[in-house]
Amino acid sequence: MTLLSALTGDPEIESALSDAAQLRGMLQFERALAEVSAEAGWISLEAATAIGVALDGFEPDWAALEAGMAQDGVVVPALVRQLRAAVAEPHRAALHRGATSQDVIDTALMLQLAQTFDLYDRRLGALLDRLETLRRNWAGVPLMAHTRMQVALPTTWDAKLMSWAEPLKRHLRSLLAMRQGLLVVQLGGPVGDRASFEGHGDAIAAGMARRLDLGVAEPWQATRDPIVALGGLLALIGGSLGKIGADITLLTQNEVGALLLTGGGGSSAMAHKSNPVNAEVLVALARLNAGLSGTLAQALVHENERSGAAWTLEWLVLPQMLVATGASLIVADRLLAQLRLGETKDKSNG
């Protein structure tokens, strides 16, 4: 899929979501758990130190991790076995004490999402700056409006560009607000009640949150509404960018000519064509995320305290949405840089 990734991929987001990035997050979890457990007096300081030494020098056996994933449906049991083998005795039992696989995976995901949100914030800000520059440069320039695909009444480029920018401003605010409720530690133990931490669970969760720069929350392993809400926001961002793409495909039509694109896509058979490739990609990615958001919503249906099926579904869908959203932001920036004013050919028919 390398060729398709050149069109619809996002290397930075893909790196943030990679196996290596997830492993780093899982190791950060185990380090924070050991350090805070020692502070709480639940494990010894010597055990926490031994765990830290093992984590510092850890080299994973990726083949064994893959085999463990296939066997257990989650990589953490195989990872913990490898880590315990690296911890000096008699401290091995202190590693991962009280925690369960979902604590590790979900908290690592939050660390990965924090990096992803940083990229989204920066790119949305850059897009809004570019739209504001266009608005200033094209202030007062007339544009024929269209309603229901028909010539309507004259308007200006100010209004068109504002209609593109305002939803993105809302999405940026929503993204900033979502950091508070979404990017939180997951620590519940085997059944999500923190009983496995023998009264230390709340203190350990709070200490881990401080160390990992995440928020504090009650265990949420079977309540995935924040994840599904993220999917909804990703669909909104993609849809708003897709609307820009759809507008541009129409405004660059030869019969309309309100916009010109520099560096449009070529045709193997028609040398005169300059296809609005980036605009079309925005529409395709918007439709992809709209469909995936509905699939992700089905991950809300967890049976009892944990669902392997719903959890696996989330793993399949959410990364695609994160990458598609990142790609949309890249493509939108590239598209806006291509825009030039044309000579509108539509005429009002009164």
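In case you missed it, the structure is sitting above this.
Summarised in this report is the structure supplied together with it. Note that the structure is a prediction, hence the values are computed from the model and not measured.

## Thoughts on the overall build of the protein chain
Argument step 1. Secondary structure summary: the protein chain contains 12 helices and four strands in total.
Argument step 2. Relative to its 350 residues, the protein chain shows a buried fraction of 49%.
Argument step 3. Partitioning the contacts of the protein chain with sequence separation of at least 6, the portion at a separation of at least 24 is 77%.
Argument step 4. A total of about 16500 Å² of accessible surface is found on the protein chain, and carbon and sulfur atoms cover 55% of it.

## Digging into the layout of surface pockets
Argument step 1. Of the volumes computed, that of the largest pocket is approximately 590 Å³.
Argument step 2. Around the largest pocket, the lining is made up of 24 residues, and of these L17, D19, Q22, M69 and W315 lie nearest the centre.
Argument step 3. Looking at the lining of the largest pocket, the elements with two or more residues in it are α3 (19–39), α5 (62–72), α7 (101–137) and α12 (308–338).
Argument step 4. When residues of the lining of the largest pocket are assigned to their parent elements, the largest contribution, seven residues, is made by α12.
Argument step 5. A breakdown of the residues in the lining of the largest pocket according to their chemical character gives 16 nonpolar, three polar and five charged.

## Structural notes on the side chain of R224
Argument step 1. Relative to the helices and strands, R224 resides in the loop between α9 (201–212) and α10 (225–251).
Argument step 2. With a relative accessible area of 0%, R224 lands in the buried category.
Argument step 3. With residues near it in sequence (within four places) discarded, R224 still touches Q102, D106, A299, L300, H302, W311 and E314.

## Notes on the packing of α7 against α10
Argument step 1. Where α7 contacts α10, the axes come no closer than 14 Å and their chain directions differ by 25°. One element, α7, and the other, α10, form an angle in the roughly parallel class. In this structure, α7 meets α10 at a crossing whose hand is left-handed. The segment α7 lies against α10, with L109, M110, L113, F117, Y120, L124 and L127 engaging I227, L230, L234, I237 and L241.
Argument step 2. Its residues assigned to classes, the contact of α7 with α10 shows 12 nonpolar, no polar and no charged.

What counts, and where the lines are drawn
- Residues numbered from 1 in each chain as written.
- Predicted model: local features only at pLDDT ≥ 70, side-chain atom pairs only at ≥ 80, totals over all residues.
- Heavy atoms only, no water.
- Helix = DSSP H or I, 4+ residues; strand = E, 2+ residues; numbered from the N terminus.
- Buried < 20%, exposed > 50% of the residue type's maximum accessible area, 1.4 Å probe, protein only.
- Contact = heavy atoms within 4.5 Å.
- Areas by Shrake-Rupley, 256 points an atom, 1.4 Å probe, with all protein chains shown as cover.
- 1 Å grid on protein atoms, 1.4 Å probe; cavity = no way out; pocket = protein on both sides within 12 Å on 5 of 7 lines; lining within 4 Å.
- Points joined across faces, edges and corners; volume = space filled by probe spheres on them.
- Nonpolar A, V, L, I, M, F, W, Y, C, P; charged D, E, K, R; others polar.
- Axes fitted to C-alpha atoms, helices over the stretch in contact; angles between N-to-C directions.
- Parallel < 35°, antiparallel > 145°, perpendicular 65-115°, else oblique.
- Left-handed = near helix turned anticlockwise from the far one by under 90°.

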